[in-house]
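What follows is the residue order along each chain.
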Amino acid sequence: MHSPCEAELKTGRTHQIRVHLSHLGYPIAGDAKYGDFARNKELMKQGLKRMFLHAHSIAFAHPLIGEAMHLTAPLPKELQSFVDKLDGLAG
């Protein structure tokens with residue numbers, strides 16, 4: 001079973017999540033810049049074709065009316081298929 005990781009951005013710094021997780025020893029699967037390159041190669045053989053990073057939700061104040069906005073997005077089909085494949089192998 002997979003274990004999602006949630007991160008809350010504090011600044012607009014580019015690559016913030018990727019750098020911090022890699023530094024902590026938890027690189028994002030498929031990350032060609034900060035990731036575990038040997039592991040990424042194995043994941044590609046298992047079907048992962050991109051970095052496994054997805055913004056599930058975002059919250060912000062509407063710029064014109066100030067109303068709180070909260071948007072969500074499901075996991076993209078190719079990432080969900082990869083998770084399903086891994087779950088099938090594990091169970």
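Our subject in this report is the structure included herewith. (Residues numbered from 1 in each chain as written. Predicted model: local features only at pLDDT ≥ 70, side-chain atom pairs only at ≥ 80, totals over all residues. Heavy atoms only, no water.)

### Here's the deal with the overall build of the protein chain
Then step 1. A tally of regular secondary structure across the protein chain gives 3 helices and 2 strands.
Then step 2. Along the protein chain, from the amino end to the carboxyl end, the secondary structure elements read α-α-β-β-α.
Then step 3. Rg of the C-alpha trace for the protein chain: 16 Å, well past the compact-globule value of 12 Å for 91 residues, more than 25% over.
Then step 4. In terms of overall dimensions, the protein chain has C-alpha extents of about 50 × 30 × 20 Å along its principal axes.
Then step 5. Here the protein chain holds 91 residues, and the buried ones make up 13% of them.
Then step 6. Here the contacts in the protein chain between residues at least 6 apart in sequence split such that 29% fall between residues at least 24 apart. (Helix = DSSP H or I, 4+ residues; strand = E, 2+ residues; numbered from the N terminus. Rg over C-alpha atoms; globule rule 2.2 N^0.38 Å. Buried < 20%, exposed > 50% of the residue type's maximum accessible area, 1.4 Å probe, protein only. Contact = heavy atoms within 4.5 Å.)

### Brief notes about the layout of surface pockets
Regions of empty space are outlined by a rolling probe, equal in size to a water molecule, passed over the atoms.
Then step 1. Considered as a void within the structure, the largest pocket measures approximately 1600 Å³ in volume.
Then step 2. Mapped onto the lining of the largest pocket, the elements with two or more residues apiece are α1 (16–23), α2 (37–45), β1 (57–61) and α3 (77–90).
Then step 3. Class assignment of the residues belonging to the lining of the largest pocket gives a composition of 23 nonpolar, 9 polar and 6 charged. (1 Å grid on protein atoms, 1.4 Å probe; cavity = no way out; pocket = protein on both sides within 12 Å on 5 of 7 lines; lining within 4 Å. Points joined across faces, edges and corners; volume = space filled by probe spheres on them. Nonpolar A, V, L, I, M, F, W, Y, C, P; charged D, E, K, R; others polar.)

### Some remarks on the side chain of Arg18
Then step 1. Relative to the assigned elements, Arg18 resides in helix α1.
Then step 2. Of the residues examined, Arg18 reaches a relative accessible area of 14% and is grouped as buried.
Then step 3. Apart from residues lying up to four places away in sequence, Arg18 is in contact with Ile28, Asp31, Lys33, Tyr34, Met51 and Leu53.

### Some remarks on the pattern of salt bridges
Then step 1. Counted under the stated rule, the structure contains 3 salt bridges.
Then step 2. Across the salt bridge formed by Asp31 and Arg18, the nearest N and O atoms sit 2.7 Å from each other. Placement of Asp31 in the loop between α1 and α2 and of Arg18 in helix α1 is noted, with a sequence separation of 13 residues between them.
Then step 3. Here Glu42 makes a salt bridge to Lys45, at a shortest N to O gap of 3.6 Å. Of this pair, Glu42 and Lys45 are both found in helix α2, 3 residues apart, which corresponds to roughly one turn of the helix.
Then step 4. Exposure remark for Glu42: the relative accessible area of 37% places this residue in the partly exposed category.
Then step 5. Using a relative accessible area of 63% as the deciding quantity, one classes Lys45 as exposed. (Salt bridge = Lys/Arg side-chain N within 4 Å of Asp/Glu carboxyl O.)

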